[in-house]
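# Structural features, examined
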Amino acid sequence: MEQWLAHIAPFLSDNAIFTPSTLAQYWQGLVRTVQLVFISLVIGLCLAVPMALGRASGRAWLNAPIWLFTYVFRGTPLLIQLYVAYYGFAFIDGIQDTRLAFFINDPVYPALLAFTLNTAAYTAEIFVGAIRATSRGELEAARAYGMSPITAYRRIVLPSAFRRALPAYGNEVIFMLHASAIASAVTITDLTGAAYYVYARFYSPFPAFIFVAVVYMLLSFALQGGFKLLEARMLRHLKPG
Amino acid sequence: MLDFQGYGPRLLEGAWLTAELALASLAAALVIGLVVASAKSSRSLVAKSVATFYTTIIRGVPDLVMMMLLFYGGQIGINMATDALNAHLGTDWFINVNAFAAGVVTLGVIYGAYMSETFRGAFLAVDAGQMEAARAYGMSGWLAFRRIRFPLMMRHALPGINNNWLVLLKSTALVSIIGLSDMVYVADQATKATHQPFLFMVPVGLGYLAITAVSELVVLGLKRRFDTGFSQAT
Amino acid sequence: MHTRFTALALAAVLGTGALMAQTAGAAESIRIATNVPYKPMEYTTPAGDLTGFDIELGNALCAEADLKCSWVQQSWNGIIPGLMARKYDAIMSSMTITEDRKRVLRFSEPYIVVPSGWFVPVDTTLADYDGDDLAGKRIAVQRGTVQDQYVTDQFGSRAKIKRYTNADDIAVDMSAGRLDAAFLDFPTGQSTLLDESDKYKNAGPVLTEPKKYFGTGFGIAFRRNQTDLAKRFNAALAAVKDDGTYDKIYDKYFGDAADESEKAK
């Protein structure tokens, strides 16, 4: 028992680790993490829908390049994408003198770029799968009603595909939250960056990482709760019976 | 050319470990995912709450922390148990948790939670009439699951499984924290030793892309298999 | 591969992970963990052999203390959890002893004092390396290190501090022109910046004080309750310093830069 107590004790009594200065680090990290994840998810979703439509359209000239994009971005680690975005662009000759300099001088922009493209690729594939799983009968019924292909897509295919994609997209959102932890690799102090700081400064891994785990857990509870509510509204008719 | 300053062979070994670990963890995750998803869509309140608790907690904690807690926390727990035993029996035992097995179990437990969400969504998408028909045919629960629900469900689950698998594949890089030398760890060491940050990203990226290419082919084959009997809507 | 899958099957049966029972063995054999590469303190040769100042000194200490030592290579993030879980008995991996860290670990006496220094592009405009001089400048450090704490407290409000995971990323960013200065362990700056390119130089003060930040030097880390083992290592350290073994190893690694790193007295 004493071994575990020895790890728990610093939490309770010897509170040298969670001082105002380290807590401030964690707070800044929290703000950064939420910022990064929220912005990249929103933009990523906006990019993913047209990409999914293009992929499902059956036109090779649309399908092929989008497939290649999703293959590369899903096939390589996000860390490499982040490195290329942050370090790669910095070596373009003369970029410091152009208007794009702001983009490479603050690590947040390259990180947003990499995260957005990455989540767009995963989300697009989720939607393509859902669109393709639309039952033929639903589409035939739409046509029988005299709907144009665009109306049929808007009113029938997309809503039902979105409902079917919801649990998988919920996973993707949580993945993105966890994946954002690598932002600390390009000098951004996000939540995980703050935990690394505390670990390295105090050589005290368990308090540093358990604390940050609790914060991530609260964030993801909020997200999972949101998706539960959304599902309850949108998937009511699909309850197994 | 493929020597990579002498790190070529070690990178290959690392890639092999990555592939092995990913496949074993995938198998574990799929089994756990199916069981948990079945529990979630069952009528038993206990099964439902246990399953929901598991997925909520696991998906809440970052993988890195989970790996650390399960492996090192688990070891500390085992140490306490053996210490108590040693005090009683006067022995001197130390039980060492094997890192590879621990990696597979941890990744399996983590991704089992995500897989169960994917399966749950797919279960919901199976037409309830199909299962009613199966019951009307007098099929037992297990038979109906194996013959009707599973194949129908897989059609919907496949894209989600594929996504989870690709994320799992890359999170194998976390195992360096528990002392295994996967592809990324070797590349990281090589980078620090040679001071050439970009040189080793290329083989790592290509290694993952190669594993992904093989898996895309497998997924395509599975998709054909599970799409049998359905014509594409688009 | 075969044994791995056997282990896997075992894991499935036991549900908790493969269990390989082993006795802790005679007290004379211990395992020491290290995180490579960190030249010249610990690194692997192209042939794969572990070497470096820490490794050679560690082996000398073990010989002196009549211990049978083996080395374990471990990634940094798992190195302290591994010590606490008794995967090994000590860590010798360029760890600076500070008051903050003594709360969690037990350290040996310092076995070397490595100063911290400023590394800048050769055409730098920096001259004084004080608050006024560094105001608005981009300073690179390794996250959570003693250098990080020092610049954060001294210049955090005026300069822009960028925290990196490793020193090689600092070298890349400096060559991309996104950094004005880096504040690092002297040997780290030497091997990642000075030895790699003639575009960088060391400048400004070389610091080992105040102790509040820079600690008392590098120490061997143990679990808090390993007082006896720490004592044995301390005795061995004193002995190898007396008989000249320490100096031999020191000169081998720091012979030409002996004025930069000072031996612990």
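Residues numbered from 1 in each chain as written. Chains lettered and ligands numbered in written order. Predicted model: local features only at pLDDT ≥ 70, side-chain atom pairs only at ≥ 80, totals over all residues.

## Some thoughts on the overall build of chain A
Keep this limit in mind: Runs of E in the DSSP output that reach at least two residues are strands. Runs of H or I that reach at least four are helices, and both are numbered from the N terminus. Radius of gyration means the value over C-alpha atoms here, while the globule rule gives 2.2 Å times the residue count to the 0.38 power. Here a residue counts as buried when 20 or more other C-beta atoms sit within 10 Å of its C-beta, as exposed when there are 12 or fewer, and as partly exposed otherwise, the C-beta atoms being derived from the backbone. Working definition of a contact: two residues with C-beta atoms, positioned from the backbone, lying within 7 Å.
A tally of regular secondary structure across chain A gives 10 helices and zero strands. Reading chain A from its N end, one meets helices and strands in the order α-α-α-α-α-α-α-α-α-α. Taken against the 2.2 N^0.38 rule, which gives 18 Å for 241 residues, the C-alpha radius of gyration of chain A at 22 Å runs more than 25% over that of a compact globule. With the C-alpha coordinates aligned to their principal axes, the bounding extent of chain A is approximately 75 × 60 × 25 Å. A total of 241 residues make up chain A; the buried ones form 46% of that total. Counted over contacts in chain A with a minimum sequence separation of 6, partners at least 24 positions apart contribute 75%.

## Quick look at the overall build of chain B
Each helix and strand counted, chain B has eight helices and one strand in total. Looking at the 234 residues of chain B, the share that counts as buried comes to 50%. Considering only intrachain contacts with a sequence separation of at least 6, the fraction spanning at least 24 residues in chain B is 75%.

## Considerations on the packing of helix α9 (residues 191–202) of chain A against helix α10 (residues 205–234) of chain A
All names here are of chain A. Test applied: Interaxial angle, 0 to 180 degrees, is taken between N-to-C directions of lines fitted to C-alpha atoms, where a helix line uses only the stretch in contact. The cut-offs work like this: below 35 degrees is roughly parallel, past 145 is roughly antiparallel, 65 to 115 is roughly perpendicular, and the gaps in between are oblique. Whether a crossing is left-handed or right-handed is set by the direction in which the near helix is turned from the far one by less than a right angle, anticlockwise for left-handed and clockwise for right-handed. Classification convention: Asp, Glu, Lys, Arg as charged; Ala, Val, Leu, Ile, Met, Phe, Trp, Tyr, Cys, Pro as nonpolar; all other residues, Gly among them, as polar.
Remark: α9 packs on α10, axes separated minimally by 8 Å, with the N-to-C direction vectors making an angle of 165 degrees. Judged by the angle between their axes, α9 and α10 are roughly antiparallel. For the pair α9 and α10, the crossing hand works out as right-handed. Counted together, Leu 191, Thr 192, Ala 194, Ala 195, Val 198 and Tyr 199 of α9 and Pro 205, Ala 208, Phe 209, Val 212, Val 215 and Tyr 216 of α10 form the full contact between these two elements. Class assignment for the residues of the contact of α9 with α10 results in 11 nonpolar, one polar and no charged.

## Comments concerning the interface of chain A and chain B
Across the contact, 46 residues belong to chain A and 43 residues belong to chain B. Of all the elements in the fold, those that place two or more residues in the side of chain A that touches chain B are α1 (2–12), α3 (60–75), α4 (78–88), α6 (108–132), α7 (136–144), α8 (149–179) and α10 of chain A. For the side of chain A that touches chain B, the leading source of residues is α8 of chain A, giving 10 residues. Its residues assigned to classes, the side of chain A that touches chain B shows 27 nonpolar, 13 polar and six charged.

## As for the interface of chain C and chain A
In this assembly, 19 residues from chain C lie in contact with 21 residues from chain A. For the side of chain C that touches chain A, the secondary-structure elements that each account for two or more residues are α3 (76–84), α4 (99–102) and β10 (160–164) of chain C. No other element matches the three residues that β10 of chain C contributes to the side of chain C that touches chain A. Broken down by class, the residue content of the side of chain C that touches chain A amounts to seven nonpolar, five polar and seven charged.

## Concerning the domain arrangement of chain B
Residues and elements named next belong to chain B. Formally: Each domain span listed reflects an automatic or database assignment of domains.
Domain assignment breaks chain B into domain 1 (23–180) and domain 2 (185–228). Each partner contributes to the interface: domain 1 provides 10 residues, whereas domain 2 provides 10 residues. Of the residues belonging to the side of domain 1 that touches domain 2, the class tally is six nonpolar, two polar and two charged.

## Things to note about unusual backbone geometry
Residue and element names in this part refer to chain C. Here the bond from Lys 39 into Pro 40 is cis, since omega is -5 degrees, no more than 30 degrees from zero. For Pro 40, the location among the structural elements is in the loop between β2 (29–34) and β3 (43–44). With omega at 0 degrees, the peptide bond leading from Glu 209 into Pro 210 counts as cis. On the secondary structure map, Pro 210 appears in the loop between β12 (200–207) and α9 (211–214). One non-glycine residue, Ser 94, adopts positive backbone phi at about 55 degrees. Among the structural elements, Ser 94 can be located in strand β6 (residues 90–96).

## Observations regarding the sheet that holds β6 of chain C
Residue and element names in this part refer to chain C. Worth spelling out the cut-off: Each pair of strands is called paired provided DSSP finds at least two bridges between the two strands.
As summarised here, the arrangement of the five strands in space is β5-β2-β6-β13-β7, forming an open sheet in which the pairing is mixed. Edge positions in the sheet fall to β5 (68–73) and β7 (106–107), since each of these pairs with one other strand and no more. Pairing of β2 with β5, which is carried by six bridges, proceeds in the parallel orientation. Bridge assignment links Arg 31 to a residue of β5, and that residue is Ser 70. Contacts between helix α10 (residues 227–242) and the sheet are confined to β6, β7 and β13 (218–222), with β13 contributing the most and set at about 150 degrees to the helix.

## Here's the deal with α3 of chain A
Spacing of three or four residues puts side chains on the same side of an α-helix, whose turn is 3.6 residues. Note the following rule: A helix is expected to span 1.5 Å for every residue after the first.
For α3 of chain A, built from 16 residues, the straight-helix expectation of 22 Å at 1.5 Å per residue is met to within 8% by its first-to-last C-alpha distance of 21 Å. Residues of α3 of chain A that are buried: Ile 66, Thr 70, Phe 73, Arg 74 and Gly 75 of chain A. Summarising the contacts, the buried residues of α3 of chain A are in contact with α2 (20–56), α4 and α6 of chain A together with α6 (141–171) and α8 (201–227) of chain B.

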